[in-house]
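Examination of the molecular architecture
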Amino acid sequence: MKNTIASRIADFLKNYPPFNLLHKEDLLTISKQVKVKYLEKGKMLFAEGDTGHKRFYVVNKGAISLERINNEKRETIDKCDEGDIFGLRPLFAKENYLINAIADEETVLYAIPIKKFKPLSEENKEVGNFLIQSFASNTRNPYSEAHKGKLISDKEPEENQFKPNNNLFELQPAPVTRKVVMTSPETSIKTAAQLMSRKKVGSVLIVENNIPQGIVTDEDFRDMVATGTFGIETPISKIMASPVICYPQGLSIAQAQLTMMKHHINHICITEDGTPNTKVVGILSEHDIMVSEGHNPSVLMKAIQRSSSTNELKKIRHKITLLLRGFIDSNIPLNHISKIIFELNDATIKRIIERCIKKLPTPPPCDFTWISLGSQGRKEQLLQTDQDNALIFEDVPSEKLEETRAYFLELARKVNKRLNIIGYEYCPAEMMAKNPKYCLSLSEWKSQFTNWIIDPGNDEILLCSIFFDFDISYGNIKLSNELADHIFSLTKDNRKFYAVMGATALRNPSPLGFFRQFLVEEDGENKDYFDIKKRGITPITDAARLLILYHQVKNISNTAERFEKLAQLEPNNKELFLACAYASKVLIKFRTKHGLENRNSGRFIDLENLGKEEKIKLKRCFKSIRQVQELVKYRFEVTPYI
């Protein structure tokens, strides 16, 4: 007789990770062991210090609040609603609970026996990883040394596996052709050859019910047909190579190259499970790999440096996007991706400036520096977003000032225009070097920053903040260094400035405080979409900028690197800052993935299309944002803007 309660539990659990990763039979077996538990509102399931239960819990209906006592005050560290997992500590550590679990409302829980479930989590790596992530999301510090390397929840390989001198190109997915030319074993050699000629391909797969039986290539026709060994009416199966070398999807370029060399072949068949027993999903040829070599970072860098037109650079930009997609698909660590894409972006800007200078009738009248601001200045601009830049030129005699400025404004107009042509939108706020406000002499820039910092208002702070994230793209570094020294001298021990800057950093509170929902746009063309830049990336970027400036640290503009430096400077806050560094990488990678999928900036996310696992990742990031904003609030004695 069918166990209807177990079936109902299984039907619920299969919609949520990690249970959706289990085989149907295993899920039903576990569901038969589940206990259904009802809690009234305010009822405590377990308290801090209690001995760990023999079960962990999944919320079926209602809500659970996870709390801890901090300085005699109750602090809510998480909210669990439908499908959320909690109470995992007994699964990972023989320790008492460190938090309280209290029903926020009438709640129904599914209690999963740890003894029965643990073997499944050990056998299935994905299930085990997800449970580690969920355990992390319910702890004060999910990024502790004990879990280091296991908690890179976007499946990044541990960083020490990828040294900077590794050829990351070879770790990208191999370029698979999805439209495979196939025929049956009974087809004649003549008909197969005509099919290949018509489709303009160098191979044909021989299949039965879409299962690969063999493969024939141009080389086989040359060696076995052109020599007269087989006639053209012979069945194609007589000359096919069998069995076919098969691999699953996700094969890297390096794996593909080694496989082809090992087996002396130039084609690999891609099947559903990587064996010849399942259906064909694609074909990979040696020619495809040779073509993809054009997306190698070193090849792209040389192409940029040799480019002779803006259209050439535009085509190279497209290849850089394909390179980025390959890195993301291969789960290359974000810090490696960021450095490579930054260098390619930076080389593109340099090349445009070089060519624009040559187009002007005279060389520059004095030394200058072109600085990239915003995400490019922070080495975080993976997708092509809008351009933010400025120009500093050397002080000249007053009678030469406007003439000099006119030269650099003309240069900036040419550069900004060409950056726009290759895909970088104009800045909506006109924060570009072609704007006279952002094309100033060194003395003018010093005067400007003095005004912004000595008497800071909200607008001045926002402008000021942009210029704390910069990188020199072209020109004399001494000019930007001298300006940076001036800025740091003005901000040192400037409590008023830090207070206003702190308030600005709190203008976008973490959306985690809004139980069961993310804050979404209420109107406009992005209504009901989640703004990951405004709600996630900007708050954590603002906090890093403020805190690193407070410590007077120069020459670190990347958000994750700023937090990693802060972890060294403030050992008592090390765990929080490392969590923030991690969150910054996850949010940027999250935006990049969605931008690539939707062919846009990735800024606005449709939450309806997110899975439970993705929402859990975001939730962990927002916890870190909330905690670092609390630190900012108390350290600089500020309150957030409403």
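So, a few notes on the structure that sits alongside this text.

Cut-offs and rules
Residues numbered from 1 in each chain as written. Predicted model: local features only at pLDDT ≥ 70, side-chain atom pairs only at ≥ 80, totals over all residues. Heavy atoms only, no water. Helix = DSSP H or I, 4+ residues; strand = E, 2+ residues; numbered from the N terminus. Polar contact = N/O pair within 3.5 Å; in protein donor to acceptor, adjacent residues only side chain to side chain. Contact = heavy atoms within 4.5 Å. Axes fitted to C-alpha atoms, helices over the stretch in contact; angles between N-to-C directions. Parallel < 35°, antiparallel > 145°, perpendicular 65-115°, else oblique. Left-handed = near helix turned anticlockwise from the far one by under 90°. Nonpolar A, V, L, I, M, F, W, Y, C, P; charged D, E, K, R; others polar. Buried < 20%, exposed > 50% of the residue type's maximum accessible area, 1.4 Å probe, protein only. Phe/Tyr/Trp six-rings, centres within 6.5 Å; stacked < 30°, edge-to-face > 60°. 1 Å grid on protein atoms, 1.4 Å probe; cavity = no way out; pocket = protein on both sides within 12 Å on 5 of 7 lines; lining within 4 Å. Points joined across faces, edges and corners; volume = space filled by probe spheres on them.

Along the chain, Arg378 falls in the loop between helix H13 (374–377) and strand E16 (389–393). Of note is the side chain of Arg378, whose polar atom sits 3.1 Å from the side chain of Asp469. Ignoring any residue separated from it by four or fewer positions in sequence, one finds Arg378 in contact with Asp469, Thr541, Arg545, Ser557, Asn558 and Thr559.

Right, let's get into the packing of helix H12 (residues 334–359) against helix H14 (residues 401–421). With their axes 9 Å apart at the nearest point, H12 and H14 run at an angle of 130° to one another. Judged by the angle between their axes, H12 and H14 are oblique. Note that H12 runs across H14; the crossing there is right-handed. Note on element contacts: H14 touches H12 through Tyr407, Leu411, Lys414, Val415, Arg418 and Leu419, opposite Ile349, Ile352, Ile353, Cys356, Ile357 and Lys359. Class assignment of the residues belonging to the contact of H12 with H14 gives a composition of nine nonpolar, no polar and three charged.

This part covers the environment of Glu48. The residue Glu48 is located in the loop between strand E2 (44–46) and strand E3 (55–61) in this model. On the basis of relative accessible area, Glu48 is assigned to the partly exposed category, the value being 39%. Along the chain, Glu48 and Asn96 lie 48 residues apart, while their C-alpha atoms are 7.4 Å from each other. Once you skip the residues sitting within four places of it in the chain, Glu48 turns out to touch Arg68, Ile69, Tyr97, Leu98, Ile99 and Asn100.

Moving on: the packing of aromatic side chains. Applying the stated criterion across every chain yields a total of 20 aromatic pairs. Aromatic side chains Trp445 and Phe449 sit 6.2 Å apart centroid to centroid with 40° between the ring planes, which places their arrangement in the tilted category. In this pair, Trp445 and Phe449 both sit in helix H15 (residues 442–454), four residues apart, roughly one turn of the helix. Ring geometry for Tyr550 and Phe636: centres 5.3 Å apart, planes at 90°, overall edge-to-face. Taken together, the positions of Tyr550 in helix H19 (residues 532–550) and Phe636 in the segment after helix H22 (612–635) put the pair 86 residues apart, joining distant regions of the chain. In this structure Phe636 comes out as buried when scored by relative accessible area, which is 3%. The structure contains a cluster of three or more aromatic residues connected by ring pairs, namely Phe368, Phe393, Tyr407, Phe408 and Tyr474.

Of the voids in this model, the second largest pocket is the one considered here, and its volume is about 1,000 Å³. Lining the second largest pocket are 37 residues; nearest its centre among them are Asp386, Asp388, Lys533, Thr538 and Arg603. Looking at the lining of the second largest pocket, the elements with two or more residues in it are H13, helix H16 (458–466), H19 and helix H21 (574–598). The leading source of residues in the lining of the second largest pocket is H19, at seven residues. Split by residue class, the lining of the second largest pocket holds eleven nonpolar, 13 polar and 13 charged.

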